[in-house]
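A look at the structure
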Amino acid sequence: MTARTALAIVGVGKIARDQHLPSIARNPAFELVAAASRHARVDGVENFATAAEMLDAMPAIEAVALCMPPQARHAVAAEALRRGKHVLLEKPPGATLSEIDHLAALAETSGVSLFATWHSRFAPGVEPARDWLAGRTVQSVRIDWMEDVRHWHPGQDWIWEPGGLGVFDPGINALSILTRILPEPVWLTAAELSFPENRAAPIAARLSFQGPAELAAEAVFDWRQTGPQTWDIVVETDAGSLVLSAGGARLAIDGAVVSEAPEAEYDGIYARFAELIAKRESDVDVSPLRHVADAFMLGRRTVVEPFHDQPGEAG
Ligand code: NAP
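Calculation rules
What you see as residue numbers is a count from 1 along each chain, following the sequence as written. It should be noted that, the model being predicted, local features are given only for residues of pLDDT at least 70 and side-chain atom pairs only at 80 or more, the latter also being counted only at that level, while totals for whole chains, interfaces and linings use all residues. Calculated side-chain values reflect all of the structure's heavy atoms, with hydrogen atoms and water omitted. Here a helix means four or more residues in a row that DSSP labels H or I, a strand means two or more in a row labelled E, and each is numbered from the N terminus. Using C-alpha atoms as the atom set, the radius of gyration is obtained and then compared with a globule rule of 2.2 Å times the number of residues to the power 0.38. Between buried and exposed lies partly exposed: a residue is buried under 20% and exposed over 50% of the maximum accessible area for its type, with that area taken using a 1.4 Å probe on protein chains only. Working rule for contacts: check all heavy atoms of both residues, and any pair within 4.5 Å makes them a contact. Accessible surface is estimated by sampling points in the Shrake-Rupley manner with a 1.4 Å probe; for residues, cover comes only from the protein chains shown. His is not counted, nor are the chain ends, whereas Lys and Arg count as positive and Asp and Glu as negative. To locate a charge, the coordinates of NZ of Lys, CZ of Arg, CG of Asp or CD of Glu are taken. For the purposes of this description, domain bounds are those given by an automatic or database domain assignment. By convention, the term buried area covers the 1.4 Å-probe accessible surface removed from two parts as they join, with the contributions of both added. Any Lys or Arg side-chain nitrogen found within 4 Å of a carboxyl oxygen on Asp or Glu counts as a salt bridge. Pairing of N or O atoms within 3.5 Å defines a polar contact, subject to two protein rules: one partner must be a possible hydrogen donor and the other a possible acceptor, and residues neighboring in sequence count only if both atoms are side-chain atoms. Nonpolar cores are built from buried Ala, Val, Leu, Ile, Met, Phe, Trp, Tyr and Cys residues. Side-chain atoms within 4.5 Å join them into one set. Here, strands pair whenever DSSP counts at least two bridges between them. The axes are straight lines fitted to the C-alpha atoms, using for helices just the contacting stretch, and the angles between their N-to-C directions are given from 0 to 180°.

**Considering the overall build of the protein chain**
Secondary structure summary: the protein chain contains nine helices and 15 strands in total. Relative to the compact-globule value of 20 Å for 315 residues, the protein chain shows a C-alpha radius of gyration of 20 Å, a close match. Dimensions of the protein chain, computed from C-alpha atoms along their principal axes, come out at roughly 55 × 50 × 35 Å. Taking all 315 residues of the protein chain together, the buried fraction comes to 51%. Restricting to contacts in the protein chain with at least 6 residues of sequence separation, those with at least 24 account for 71%. Accessible area for the protein chain stands at about 14100 Å²; split by element, carbon and sulfur atoms hold 51% of it. Put simply, the protein chain has 27 plus and 42 minus side-chain charges, and the middle of one group is 3 Å from the middle of the other.

Put into structure tokens, the structure is as follows:
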């Protein structure tokens, strides 16, 4: 049996607890040895307030998983890469495109692996959808990604700040699937972004894309949906139609469900990270983030009613 990679986690918040810690515990390729978080601790490992303190104190750490918000990720990732650690980035990989280029170059210089993860690409319907679409001509795509921000992001102020992406935080998951399954890339042609008057990031967005062979794609992201939540992608082709629903967990082709499996996205992420480390390769695809950057560049901004975490709250 090969030695396990000594792994540390940075930014112990919702996603670290919900997904990373359980998936790391299930993966024999990794041994969680430490955590760095200003306010949180992980039982059973060494804990530090900052990543720098942790890396100073524990040179045996070989890899770090960065689970803090995107605005705080680059500095820690750069430091870890300079010290020769393999780095896993939560999505979105950073607050800008150019900072990710910098990290990719550092990983190459240091001879370590950088993995910019897109968890939705590990949803069970995504690879079968990609396989089915290969060789077909895509005519249209419709994405509806609508959820209740108060349920999924309670009190997360960073998500409303510049770099937090607002509704693109979940919307980029749909774009990560789109950019994986389409046989050829699309480009953004128009966008409408709805900003609450008291926030620096959009609560809703409508995007239009164009692609080769008259392909037209539309995406609607909305954080104001209560009740049932919607994470659907419908693709019409010259030879049938495909529906990916439940965020990619269920795939139907021409009306018949062909694949449906329990969610195991983060197990897939850690299996891939182990593979990248073994081969000393990186996996950094910024195409979902590029579409978001294009939306901010080309989007028409409208101001909508203020958003408060507690309905009815003012100020
Ligand atoms: P979160 O609960 O707010 O946790 C992030 C943790 O990072 C915080 O608890 C905080 O811990 C630490 N942190 C370090 N610097 C910070 C800063 N400047 N501002 C705020 N927190 C900081 O967020 P999350 O939901 O886990 O999301 C983190 C990342 O995972 C995001 O990029 C998000 O898109 C991605 N993600 C989230 C989900 C989800 O369902 N929540 C799903 C998939 C991916 P300390 O205060 O202890 O340092």
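**A look at the domain arrangement of the protein chain**
Quoted interface sizes are often the accessible area lost when the parts come together. Domain boundaries assigned for the protein chain yield domain 1 (5–116) and domain 2 (120–262 + 293–304). Each of domain 1 and domain 2 has a C-alpha centre, and these two points are 27 Å apart. The interface of domain 1 with domain 2 comprises nine residues on the first partner and 13 residues on the second. Counting each side, the surface lost to burial between domain 1 and domain 2 is near 760 Å², with a carbon and sulfur contribution of 65%. When the buried area of domain 1 at its contact with domain 2 is split by residue, Lys14, Gln71 and Lys91 rank highest and sum to 52% of it. Scanning the region where domain 1 abuts domain 2 turns up one salt bridge. Note that Lys91 and Asp169 form a salt bridge whose closest N and O atoms lie 3.5 Å from each other. Run the count over domain 1 and domain 2 and you get three residue pairs in polar contact (both at pLDDT 80 or more).

**A closer look at the environment of Trp160**
Locating Trp160 in the fold gives a position in the loop between helix H6 (149–152) and helix H7 (168–181). Its relative accessible area of 2% is what places Trp160 among the buried residues. Between the alpha carbons of Trp160 and Asn198 there is a distance of 9.5 Å; along the sequence they are 38 residues apart.

**Looking at the pattern of salt bridges**
Scanning the entire structure with this criterion turns up 13 salt bridges. A salt bridge links Arg82 to Glu79; the shortest N-O distance between them is 3.6 Å. Note that Arg82 and Glu79 are positioned in helix H3 (residues 73–82) at a spacing of three residues, about one turn of the helix. Among the residues examined, Arg82 registers a relative accessible area of 52% and is labelled exposed. Several salt bridges converge on common partners, so that one network encompasses Asp56, Glu79, Arg82 and Arg83.

**Comments concerning the nonpolar core**
Core analysis: the biggest nonpolar cluster contains 50 residues, and Val141, Ile143, Phe168, Leu207 and Phe221 have the highest contact counts within it. Broken down by element, this core gets its largest block of residues, seven residues, from H7. Residues in contact with Ile143, not counting those within four places in the same chain, are Ala174, Leu178, Glu218, Ala219, Val220, Phe221, Asp232 and Ile233. Membership of the second largest hydrophobic core comes to 27 residues, among which are Ala8, Val33, Leu103 and Ala116.

**Observations regarding the sheet that holds strand S12 (residues 240–245)**
The strand order across the open sheet formed by nine strands is S14-S13-S12-S11-S7-S10-S9-S8-S15, and the pairing between neighbours is mixed. One side of each edge strand has no neighbouring strand; the edge strands of this open sheet are strand S14 (256–260) and strand S15 (300–304). Strand-to-strand twist in this sheet, taken as the mean axis angle between neighbours without regard to direction, amounts to 15°. Taken together, the eight bridges between strand S7 (residues 138–146) and strand S11 (residues 230–237) define a ladder with antiparallel strand orientation. Looking at S11, one finds that Asp144 is bridged to Asp232.

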